Every structure is written in C-alpha cells, then in structure tokens.
Amino acid sequence: AAMLVSSSNEAAVALQRVSGLDETAFVGEMNALARELGLTQARFRDPAGLDSGNVASATDVSRLAIAAFAQPEIGAAARSETYELRLLPSGRTRTIRSTARHFGTFLADPGQGYGIAGVKTGYLDEAGYNLTAEVAKGGHPVVVTVLGSASSELRWQELKGLAVWTYQNFEWPRSVTRR
C-alpha cells in the first residue's frame, strides 16, 4: 500500500527483501511479468524505479495499470487518499497520505458522472512528473497516462484534459459498456 498511496520507494525495496529474492532475481521477475503482460517497451533495472535505466512507454504504463488496478488489494490502495499501516513488531500505527491530487476534483465526483478506479503518480529528474489513472464515466473506463510533465500540477491538468477530451470525442459501441 505504501508504494501506491505515498509512492514509497523504501516500500518497494522492502518488498524485494521480504520476497526472498536478491535484487537481480527480483528485477528479473519484474521483467518477466512485464513480458507476460505484453509490455513491449518496459525494462526494469531496480525494484524501486529510481534507476534511470527503468523505461516504459505510455502504452506499457497503461497496460500495467489495467492489470494492477484489477487486483482488489491494489485497486483499493490506488484509490485511497490515506492508508493506515500497522508497524511490526511494535503494533504502532502510521497514517500515510496519497501523492495523488484527484481527491476533491470533478474526476472523483460521482455527482459529475466520473469516478476513479486507481491512480499512480511518479517522478524522476530524468523522466519528469508522471501519472496514470483509470477514469470512468457512464460505465466506460479509460486509462490515461501522462509522462514527462514539467510539474505535479501540470500532469493533473493534462490528465483531466485528456480524460474529458476522450469522453467528449469517443462513442462506445453498446457491447462494451460496463456497469
């Protein structure tokens, strides 16, 4: 949850450590899963995503988001504004806050007809501000991915603009409506 909600790189490294695999084997599994999911441009070099050699196209990021958000635990974490963690072995709790800024916007307001099934933000100096989200309106889910934005605010504006443009300019056949 910490990887998704607060973009914790430390949580990604901790996941690799508790997997029982060394970093090379873990990254190998990440790349194997990427190939299984049909991610043709994605290449991973470290578990946390901080190595500038980690690359993926917007299509690959979108495909990964679809697969990830479909998992109940991942989808729930990717929709959460906050998440409470219980620290072991002390049992103390810690609340983490989402790096996502969609809470309170029209994209998260069912009264506006939209909903968000999951959001993931990212940033690297080499890659800029990145964002992927599954947005739904009228039973039609759309995954929007923005890579290389100049600022955190701009990535949200670009995502909102692309989502709205899609729903204003695309007509779905009746057979693909989801409820």
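Residues numbered from 1 in each chain as written. Predicted model: local features only at pLDDT ≥ 70, side-chain atom pairs only at ≥ 80, totals over all residues. Heavy atoms only, no water.

1. A word on the environment of G128
Right, so step 1: Secondary-structure assignment places G128 in strand β4 (residues 128-137).
Right, so step 2: Looking at G128, the relative accessible area reads 13%, which means it is buried.
Right, so step 3: Separated by 21 residues in the primary sequence, G128 and S149 have C-alpha atoms spaced 5.5 Å apart.
Right, so step 4: Discounting chain neighbours no more than four positions away, the residues touching G128 are G122, Y123, G148 and S149. (Helix = DSSP H or I, 4+ residues; strand = E, 2+ residues; numbered from the N terminus. Buried < 20%, exposed > 50% of the residue type's maximum accessible area, 1.4 Å probe, protein only. Contact = heavy atoms within 4.5 Å.)

2. Concerning the environment of P110
Right, so step 1: Here P110 shows up in the loop between β2 (93-97) and β3 (114-124).
Right, so step 2: Judged by its relative accessible area of 67%, P110 is exposed.
Right, so step 3: Sequence separation between P110 and A136 is 26 residues; the distance between their C-alpha atoms is 9.7 Å.

3. Description of the packing of aromatic side chains
Right, so step 1: Going through the model one piece at a time under the given rule, you end up with five aromatic pairs.
Right, so step 2: An angle of 40° between the planes, with centres 4.3 Å apart, marks the rings of Y123 and Y129 as tilted.
Right, so step 3: Through a chain of ring-to-ring contacts, the aromatic side chains of F106, Y114, Y167, F170 and W172 assemble into a single cluster. (Phe/Tyr/Trp six-rings, centres within 6.5 Å; stacked < 30°, edge-to-face > 60°.)

4. Looking at the nonpolar core
Right, so step 1: Counting 16 residues, the largest nonpolar core has L107, V119, V135, V144, W156, L159 and Y167 as its most contacted members.
Right, so step 2: Listing elements by their share of this core, those giving two or more residues are β3, β4, β5 (140-149) and α6 (152-169).
Right, so step 3: When residues of this core are assigned to their parent elements, the largest contribution, four residues, is made by α6.
Right, so step 4: Judged by nonpolar contacts, the second largest core, of five residues, contains V5, A11, A77 and I96. (Core = buried A, V, L, I, M, F, W, Y, C linked by side-chain atoms within 4.5 Å.)

5. Some thoughts on unusual backbone geometry
Right, so step 1: Going from L88 to P89, the amide bond is cis rather than trans, its omega being 0°.
Right, so step 2: Here P89 lies in the loop between β1 (82-86) and β2.

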